[in-house]
Amino acid sequence: MTFKLQVMKDNIQIVERAKKMDKRDVLRNVQIEPEHLKEKNNWYRILNTVQYFKKRDDCRVIGELLSCAIANQFSLETASYEIAFLKGRLTLPALGLLSPNVQSKEFTYYDVTTLHRLFPELPRKYSEYSLKELLDSFRYNQVPGCEQLIKDIITVYVLDWFTHQLDRNPKNLLFKRDQQQVISLSPLIDSESSFAVNHEGNFDEEYNPIWVPAIPYDDLDFRDNPYQIEDLDANIVSLIMDYPEIVIPVLKQLSDTNFDALITEYQKTMNSKVYIEKEGIDFLKQFVYRKQETSQRMLQF
C-alpha cells in the first residue's frame with residue numbers, strides 16, 4: 001500500500017514574481033560546479049535573497065522536513081525549508097520547498113567529489129567513494145577540527161540509516177573550509193528520499209528494509225549486493241565496530257526519543273499545509289518504531 005501527499009492550497013503562501021537567476025548570476029553567488037548547476041538550476045532572487053526552489057508535490061516534501069527536524073535534535077544544521085507556491089512572471093504557481101542559499105562568503109565549499117582538490121589521495125570516480133576512506137583521510141591529514149568533523153559526519157550517516165535516506169550521494173554531502181583551514185559540515189540538504197518514499201514520491205509499505213546508502217561505509221560492493229549480519233545491515237554494523245564511541249550514543253538517543261509529535265504534525269488539521277491520511281501517519285510511526293527496535297538490537301551487538 002502507498003500513501004500520497006494531500007495539499008491544503010489555501011494555507012500555503014504564494015510567492016509571486018520570483019525572478020529566476022541565469023547561470024552567470026548563480027555562479028557569482030553560489031559555489032557550485034557548472035556541470036552540477038545543470039541539474040540544480042532552480043535558483044531565484046526573492047526579496048533580494050538568493051533562494052533555491054525544489055519543485056515537489058509529493059511525499060518527498062514530508063520526507064525532507066521530517067529528516068530536518070530529526071537532524072536538528074542532534075544540533076546539525078540544515079537548510080531552512082518553507083512550503084510554498086512559487087509563481088514566476090510567465091508561469092503558473094508550482095508547489096515545492098523554498099530555501100535561502102545555505103552558503104556564506106566566509107567559507108570555501110566542497111562536496112565529496114571535489115575534496116580531492118584538498119586531499120589528492122581521495123578518489124575521483126563517482127562509484128569509488130566510501131565513508132571510511134573519507135574519515136581516514138581527514139584523520140591522516142590532521143585536518144584542523146577533524147574530531148568534531150568526523151563525529152558530525154558519522155552522526156549524519158547514522159541518522160540517514162534511521163530515516164532510510166537514500167540520496168546522501170557524493171554531490172550532496174557538503175563541507176565548508178574557513179580561512180584557518182578548519183573544515184566542518186555545511187548545512188544538510190536533499191534529505192527527501194527518506195521514510196520509504198518510492199520513485200513515484202509516495203510512502204510505500206513495500207520498501208526494502210535493508211538500507212543501501214549512496215556512499216557505503218567500507219564495502220563498495222554493498223550497493224549491488226547488500227547483506228545482513230544477524231538481521232542487521234552489515235554496512236552500519238561495520239561502522240559501529242570501528243566507531244562505537246560515536247555511533248552508540250546516537251543510537252541510544254534515537255532509541256529513547258518519542259518521535260510521534262514530529263510525525264503527527266503531518267496529520268490533517270485546519271492549519272495543515274500538507275498532510276497524509278491517518279493510515280499514512282500510522283505507517284510512519286510504525287516505520288520509526290521498527291528502526292528504534294533495530295537500534296536497540298544494535299546496541300547489544
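Residues numbered from 1 in each chain as written. Predicted model: local features only at pLDDT ≥ 70, side-chain atom pairs only at ≥ 80, totals over all residues. Heavy atoms only, no water.

**Describing the nonpolar core**
Ranked by internal contacts, the top residues of the largest apolar core, which has 79 residues, are Phe138, Phe175, Phe203 and Leu239. Among all residues touching Leu239, those that are not within four sequence positions of it are Leu131, Ile154, Tyr157, Val158, Tyr217 and Val247. Judged by nonpolar contacts, the second largest core, of nine residues, contains Val15, Ala18, Tyr44 and Leu98. (Core = buried A, V, L, I, M, F, W, Y, C linked by side-chain atoms within 4.5 Å. Buried < 20%, exposed > 50% of the residue type's maximum accessible area, 1.4 Å probe, protein only. Contact = heavy atoms within 4.5 Å.)

**Remarks on the side chain of Ser137**
Topologically, Ser137 is positioned in helix 4 (residues 131-140). Under the relative-accessibility criterion, Ser137 is labelled buried at 5%. At 2.5 Å, the side chain of Ser137 forms a polar contact with the side chain of Glu121. Excluding anything up to four places from it in sequence, Ser137 contacts Phe119, Glu121 and Leu122. (Helix = DSSP H or I, 4+ residues; strand = E, 2+ residues; numbered from the N terminus. Polar contact = N/O pair within 3.5 Å; in protein donor to acceptor, adjacent residues only side chain to side chain.)

**Overview of helix 4**
Leu131, Leu134, Leu135, Ser137 and Phe138 are the residues of helix 4 that are buried. End-on view of helix 4: buried residues confined to an arc of 160°, all on one side of the axis. Buried positions along helix 4 lie against helix 5 (146-163), strand 10 (174-177), strand 11 (183-185) and helix 6 (234-242). In the segment just after helix 4, Gln142 is the residue with positive phi, at about 50°. (Arc of directions from axis to C-beta.)

**Description of the sheet that holds strand 10**
Within a sheet, neighbouring strands are paired by backbone hydrogen bonds and run either parallel or antiparallel to one another. Spatial ordering of the open sheet is given by 9-10-11, a layout of three strands whose pairing is antiparallel. At either margin of the open sheet sits one strand with a lone partner, and together these are strand 9 (108-111) and strand 11. Going across the sheet, the axis of each strand differs from the next one's by a mean of 30°, ignoring polarity. In this structure, strand 9 lies alongside strand 10, joined through four bridges in antiparallel fashion. Directly across from Tyr109, in strand 10, lies its bridge partner Lys176. (Pairing = 2+ DSSP bridges. Axes fitted to C-alpha atoms, helices over the stretch in contact; angles between N-to-C directions.)

**What about the sheet that holds strand 8 (residues 94-100)?**
Strand order in this open sheet of six strands is 3-7-8-6-5-4, and the pairing throughout is mixed. Both outer strands of the open sheet, strand 3 (14-16) and strand 4 (19-20), are each paired with one neighbouring strand and no more. Where strand 5 (residues 43-46) lies against strand 6 (residues 49-55), four bridges are found, and the strand directions are antiparallel. Bridge pairing in strand 6 places Ile46 opposite Thr49. Each of strand 6, strand 7 (82-87) and strand 8 is contacted by helix 3 (residues 60-72), which is oriented at about 25° to strand 8, the strand it contacts most.

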